[in-house]
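Summary of the model geometry
Here is how the chains run, residue by residue.
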Amino acid sequence: MQESMRNYIHAGLIHFMAFPATTKGEGPVLETIDRVARDTYFDAIEITHIADAAVRSTVRDHLSQSAMRVYYGCQPRLLGAGANVNAVDEDARQAAMAIIRDGIDEAYALGCLGFGFLSGKYKEEEKDQAYAQLMKSVNEMCDYAAAKGDMKVALEVFDYDVDKCSLIGPAPLARKFAEEACARNSNFGLMVDLSHLPLLHEGPEESLVPVAPYIIHAHIGNAVRPELPSETPAYGDAHPRFGFPGGANNVKELAEFLRVLIQVGYLKKGAPRTVSFEVKPFGDEDPEMVIANAKRTLNAAWELV
């Protein structure tokens, strides 16, 4: 496309994925967030739990100075604790909700515009119960978030049979759930991710068109093709760089994803929306190289849109 990408996209970076040493809220959190904030390619950043209160306060100040759009990802906290917001066991669900509520508090303290989470694993014979538990959790977290401000709550669509094996899930179920949840909660929506499409066995139109009215956030990245052996490096939900051996997504696939996001109305000229890179260094790869790779890939893909 000849028009500026800036007319359509706020380019973002999932900080804790690009710099995995910070995933647990420790390590070089401030230094690496500052590096992203100083990079004018990025208009948005997604962060997660920051353990040190003083660092958290400084991060808020620096991101406020940068004028970046800031989002909070609770996914690492849920996954790291083995927590499940759709657990059939009510005590287990409540434990997950305690993490969610703490995450919402932290997200507001950091000045975040949106809060992301994922559904948990489920047993096929308990799928209806898990669905009901997820709806209960979403209603509770949306109420909790709405009582504190206007931050949006986004359920990220994950694979259901490869790696995370989350309830939500394939596009038809994601649409059904979002339709019901949005009927009650005006601050709820879905987060879609190019990285997850191969793992969902769906193409861009198959994955995005059914849920188009409910998309409020988008990620872009790569995944190793799920039909390869499971021992393949970076197999599963590992978000390797674009061009990684065995990867399913590169310039052409990213361009098609962006075309469909425009087609369904998520991306509109003159009203840019956030699209964030979810890329992770594999092994001893350098995070800065992986980020540079992602920028070049997006620049090249935009020319094909």
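Note: the structure precedes this text.
Model, not experiment: these values are computed from the prediction. (Residues numbered from 1 in each chain as written. Predicted model: local features only at pLDDT ≥ 70, side-chain atom pairs only at ≥ 80, totals over all residues. Heavy atoms only, no water.)

**A few points about the nonpolar core**
Selection criterion: The term nonpolar core refers to a set of buried residues drawn from Ala, Val, Leu, Ile, Met, Phe, Trp, Tyr and Cys, joined through side-chain atoms within 4.5 Å. Here the term buried applies to any residue with accessible area under 20% of the maximum for its type, exposed to any over 50%, and partly exposed to those in between, with areas from a 1.4 Å probe on protein chains only. A run of H or I in DSSP counts as a helix once it spans at least four residues, and a run of E counts as a strand once it spans at least two, with each numbered from the N terminus. The contact criterion used throughout is that any non-hydrogen atoms of two residues lie within 4.5 Å.
L78, I100, F115, F117, F177, F188 and F277 are the most contacted members of the largest nonpolar core, which totals 87 residues. Per-element tally for this core: the top contributor is helix α6 (residues 127–146), with eight residues. In this structure F115 touches Y72, C74, I100, G103, I104, A107, M151, K152, V153 and A154, once residues within four positions along its chain are discounted.

**Section: the sheet that holds strand β4 (residues 114–118)**
Whether parallel or antiparallel, the strands of a sheet pair through hydrogen bonds between backbone atoms. Put simply, the rule reads: Strands are treated as partners if at least two bridges between them are detected by DSSP. Note on geometry: axes are C-alpha line fits, over the in-contact stretch for helices, and angles between N-to-C directions span 0 to 180 degrees.
Strands sit in the order β1-β2-β3-β4-β5-β6-β7-β8 around a closed barrel of eight strands; the barrel is parallel. The mean inter-strand angle of the sheet, taken between neighbouring strand axes irrespective of direction, is 30 degrees. Of the pairings in the sheet, the one linking strand β1 (residues 9–14) to strand β8 (residues 273–277) comprises five bridges and is parallel in character. Of the residues in β8, the one forming a bridge with A11 is V275.

**Some thoughts on the layout of surface pockets**
Put simply, the rule reads: Grid spacing is 1 Å over the protein atoms alone, the probe is 1.4 Å, and a cavity is where that probe fits but cannot get out, while a pocket is an open set with protein on both sides within 12 Å along at least five of seven lines and lining residues have an atom within 4 Å of a point. Grid points are joined across faces, edges and corners, and a volume is the space filled by probe spheres set on the points. Residue polarity follows a fixed list, in which Ala, Val, Leu, Ile, Met, Phe, Trp, Tyr, Cys and Pro are nonpolar, Asp, Glu, Lys and Arg are charged, and the others, Gly among them, are polar.
As a volume, the largest pocket reaches approximately 470 Å³. Taken together, 26 residues line the largest pocket, and the ones lying closest to its centre are T23, Q75, P76, R77 and L79. Every element with two or more residues in the lining of the largest pocket is listed here: α1 (15–18) and α4 (75–81). The greatest single-element share of the lining of the largest pocket, amounting to five residues, is contributed by α4. Partitioned by chemical class, the residues of the lining of the largest pocket number eight nonpolar, nine polar and nine charged. When its volume is computed, the second largest pocket comes out at roughly 320 Å³. Forming the walls of the second largest pocket are 22 residues, and the residues nearest its centre are Y71, L113, G114, K152 and I216. Among the secondary structure elements, those contributing two or more residues to the lining of the second largest pocket are β3 (69–73), β4, β5 (152–156), β7 (215–220) and β8. Its residues assigned to classes, the lining of the second largest pocket comprises twelve nonpolar, five polar and five charged.

**Side note on the pattern of salt bridges**
Stated formally: A pair is scored as a salt bridge if a Lys or Arg side-chain nitrogen falls within 4 Å of a carboxyl oxygen belonging to Asp or Glu.
All chains considered together, the criterion is met by 17 salt bridges. Here R77 and D102 are joined by a salt bridge, their closest N and O atoms 2.7 Å apart. Residue R77 is found in helix α4, and its partner D102 is found in helix α5 (residues 90–109); the two are separated by 25 residues along the sequence. The shortest N-O distance in the salt bridge between E90 and R93 comes to 2.8 Å. Within this pair, E90 and its partner R93 are both found in helix α5, separated by three residues, close to a single helical turn.

**Quick look at the pairing of β5**
For a regular strand, the rule is simple: side chains alternate between the two faces of the sheet. Cut-off, in case you're wondering: Think of it like this: strands point away, you trace from the first strand over the helix to the second, and a clockwise trace means the crossover is right-handed.
Among the five residues that make up β5, four are buried, leaving the element largely enclosed by the rest of the structure. Sheet topology places β4 next to β5; five bridges connect them, and they run parallel. Looking at β5, one finds that G114 is bridged to K152. For the crossover that starts at β4, traverses α6 and ends in the parallel β5, the hand is right-handed. In the sheet, β5 pairs with strand β6 (residues 188–193) via four bridges, with the strands oriented parallel. Residue pairing across strands places E156 opposite M191, the latter belonging to β6.

**Quick notes on helix α3 (residues 53–66)**
Residue pairs spaced three or four apart in an α-helix point in one direction, given the helix's 3.6 residues per turn. Rule in force here: How far a helix is expected to stretch is found by multiplying one less than its residue total by 1.5 Å. In protein, a polar contact means a hydrogen-donor-capable atom and an acceptor-capable atom, both N or O and within 3.5 Å, with residues adjacent in sequence counting only if both atoms are side-chain atoms; elsewhere, any N or O pair within 3.5 Å suffices.
When the terminal C-alpha atoms of α3 are compared, their 20 Å separation across 14 residues agrees well with the 20 Å that a helix rising 1.5 Å per residue should span. With a side-chain oxygen lying 2.8 Å from the backbone nitrogen of A54, the N-terminal cap of α3 falls on D52.

**Section: the side chain of D159**
We count it as follows: Positive residues here are Lys and Arg, negative ones are Asp and Glu, while His and the chain termini are left out of the count.
With respect to the helices and strands, D159 occurs in the loop between β5 and α7 (171–184). Salt bridges are absent for the buried D159, whose nearest opposite-charge side chain, K164, sits at 6.1 Å. Side-chain polar atoms of D159 contact the backbone nitrogen of D163, separated by 2.8 Å. Residues within four places of D159 in sequence aside, it is in contact with K164, C165, S166, L199 and L200.

**Concerning the packing of helix α10 (residues 251–263) against helix α11 (residues 287–304)**
Threshold: For classification, angles of less than 35 degrees are called roughly parallel, those exceeding 145 degrees roughly antiparallel, those between 65 and 115 degrees roughly perpendicular, and all remaining angles oblique. Whether a crossing is left-handed or right-handed is set by the direction in which the near helix is turned from the far one by less than a right angle, anticlockwise for left-handed and clockwise for right-handed.
Direction vectors running N to C along α10 and α11 enclose 60 degrees, while the axes themselves pass 8 Å from each other. Taken together, α10 and α11 sit at an angle that is classed as oblique. Note on packing geometry: the crossing formed by α10 with α11 is right-handed. Note on element contacts: α11 touches α10 through T297, L298, A300, A301, W302 and L304, opposite V251, L254, A255, L258, R259 and I262. In terms of residue class, the contact of α10 with α11 is made up of ten nonpolar, one polar and one charged.

**Things to note about empty space enclosed by the protein**
The final tally for this structure, using the stated rule, is two cavities of 30 Å³ or more. Its boundaries defined by the atoms lining it, the largest cavity holds a volume of some 70 Å³. Taken together, V157, G169, A171, A174, V192, D193, H196, L197, L200, E202, S207 and V211 form the lining of the largest cavity. Elements with a minimum of two residues in the lining of the largest cavity: α7, β6 and α8 (197–200). For the lining of the largest cavity, the class distribution of residues is seven nonpolar, three polar and two charged.

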